Amino acid sequence: MRFQQLKRFVREIETPLEVELEIPHLAYIEAKKPNPQILLFKNPRRNGKPIPIPVVMNLYANREVVEEIFRRPIGEWEREIEKLVQLKPPANWEEGVTLLQRLFRLKNLHPKRVSTGEAQQIIFRGEAVDLFQLPILKSWELDRGPFITAGQVYTQSLDGRVKNLGLYRLQVYSKNRLGLHWQIHKDGHHLFWEYKWAKRAMPVSIAIGGDPLYLWAASAPFPPGIYELGVVGWLRGKRVAVVKSVSNPIEIPADADIVIEGWCNPEEWEIEGMFGDHTGYYTLPERFPVLNVTAITMKKEPLYYSIVVGKPPVEDKWIGYPTERLFRPLLQFTTPGLIDYHLPEAGCFHNLLLGKIAPRYPGHSLQIAHALWGVGQMSFLKNGIFTDEG
């Protein structure tokens, strides 16, 4: 899918606006409206100087936009995953054909390598690399600097067999240095330690834009070993086309708008933050690894996607909605007795869990609660409230 296919949900803003505070503030206000729209800021500026790359904000604006991006109601995908998880031998010919069709779709889990892509129509290397040519935003007054908030961070294991896509904020230190904010429980951080133990530089590429589904996949808490681009391929019904980065071995989507490539020296760390976070408070400064940027590539007419992070309601609401629903069948498979659950936006999705359960024996309720408490981002739960079937 291309951004242009969402045109009917987009409000274009021609007024020249600053990337520091002005653009993110308008996006923050828009996200709190009853029926928010996608915003396309066509004339971003930094200190009055025009930046010729439009900014897309509030991409996951509302339920209708989400279902347009997924091309089907989320409930239908939820049931499709449920059927895969509860796979049974077919009872008749018709069920057999349906099962084969369902299994045939799994071929799209493996991305397709191509030699060239739109993402590399323009290439900057060496001294030409300048992160400040991009309209990277500063959202809140006490933020330590500009942050990339919708960057798809691509990494791979030391042997190249395990590939990962994550969504981590990235602080701009200078024209060619970024802070890699991957927390200790993140897959990207786990891969980082492979390189640190081996005393090897780690390749990292950050894609921005392309198919809007990449952004959701980057945010979703898939188990280690499940490549997020493979899930995109399954949802789209066709393999994702990927191309090798120009300055490292990482593969990125061929249709990405902008790609930032580089290498992370495991011994080089720098203070990252403060950063205005999801709860409405600032995350305090802390040391994180640094990415030294070796190349920036882009389409001829790229778009820069960004997310304003702040107190709910914001765009997180509609990025988190498909994650909650599509992971329900998987959680039920590993946690018998779970009927349904909800992660309210007001709890930033990982601070509060509401669960409906059907315990089968004494102590089962507590077992279910503990099982859910340790899954992915839910390890951060502050409160879990469980009810029975009534």
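Residues numbered from 1 in each chain as written. Predicted model: local features only at pLDDT ≥ 70, side-chain atom pairs only at ≥ 80, totals over all residues. Heavy atoms only, no water.

Visitor: For the packing of aromatic side chains, give the residues involved together with the corresponding values.
Guide: A full pass over the atoms with the stated rule returns 13 aromatic pairs. Taking the centre distance of 5.1 Å and the plane angle of 90° together, the rings of Y28 and W140 count as edge-to-face. One end of the pair, Y28, is in helix α1 (residues 22–31); the other, W140, is in the loop between β8 (122–125) and β9 (147–148), with 112 residues separating them in the sequence. Note on Y28: relative accessible area 16%, which makes it buried. With a centroid separation of 5.8 Å and 50° between ring planes, the pair formed by W193 and W197 is classed as tilted. Residue W193 and its partner W197 are both found in helix α5 (residues 187–198); the two are separated by four residues, about one turn of the helix. The class of W193 is partly exposed, set by a relative accessible area of 26%. Members of the aromatic cluster, connected to one another through ring pairs, are Y168, W182, F192, W193, W197 and W269. The positively charged end of R63 is found above the aromatic ring belonging to Y321, 4.7 Å away from the centroid. Over the aromatic face of W77 sits the side chain of R72, whose NZ or CZ is 4.3 Å from the ring centroid. (Phe/Tyr/Trp six-rings, centres within 6.5 Å; stacked < 30°, edge-to-face > 60°. Helix = DSSP H or I, 4+ residues; strand = E, 2+ residues; numbered from the N terminus. Buried < 20%, exposed > 50% of the residue type's maximum accessible area, 1.4 Å probe, protein only. Lys NZ or Arg CZ within 6 Å of the ring centre and 35° of its normal.)

Visitor: I'd like to hear about the pairing of strand β24 (residues 383–387), residue by residue, with values.
Guide: In this structure, strand β23 (residues 352–357) lies alongside β24, joined through five bridges in parallel fashion. The residue bridging L352 from the neighbouring strand is N383, located in β24. In this fold, β23 hands off to helix α10 (residues 364–373), which returns the chain to β24; that crossover is right-handed. (Pairing = 2+ DSSP bridges. Right-handed = clockwise from strand over helix to strand, strands pointing away.)

Visitor: Explain the packing of helix α2 (residues 63–70) against helix α8 (residues 316–326) residue by residue, including any values.
Guide: Contact geometry for α2 and α8: axes closest at 9 Å, N-to-C directions at 60°. Relative to α8, the element α2 lies oblique. The handedness of the crossing between α2 and α8 comes out as right-handed. Taken together, the residues of α8 that come into contact with α2 (itself represented by R63, V66, E67 and F70) are W318, Y321, P322 and L326. (Axes fitted to C-alpha atoms, helices over the stretch in contact; angles between N-to-C directions. Parallel < 35°, antiparallel > 145°, perpendicular 65-115°, else oblique. Left-handed = near helix turned anticlockwise from the far one by under 90°. Contact = heavy atoms within 4.5 Å.)

Visitor: So, the pattern of salt bridges: which residues are in play, and what are the values?
Guide: Within the structure shown, the criterion is met by 23 salt bridges. Among the ionic pairs, D211 bridges to R236, the shortest N-O distance being 2.8 Å. With D211 in the loop between β14 (202–208) and α6 (213–219) and R236 in helix α7 (residues 228–236), the pair connects residues that are 25 residues apart, well separated along the chain. Residue classification places R236 among the buried positions, given a relative accessible area of 12%. Across the pair E324 and R325 runs a salt bridge, and its minimum N-O distance is 3.1 Å. For the pair shown, E324 and R325 are each scored as buried. Linked by salt bridges that have partners in common, E78, E82, E324, R325, R328 and D340 make up one network. (Salt bridge = Lys/Arg side-chain N within 4 Å of Asp/Glu carboxyl O.)

Visitor: Please give an account of the side chain of S306 that cites residues and values.
Guide: Here S306 lies in strand β21 (residues 304–306). Looking at S306, the relative accessible area reads 4%, which means it is buried. A distance of 3.1 Å separates a polar atom in the side chain of S306 from a polar atom in the side chain of T149. The residues touching S306, leaving out its near neighbours within four places in the chain, are V56, M57, N58, L137, T149, A150 and E315. (Polar contact = N/O pair within 3.5 Å; in protein donor to acceptor, adjacent residues only side chain to side chain.)

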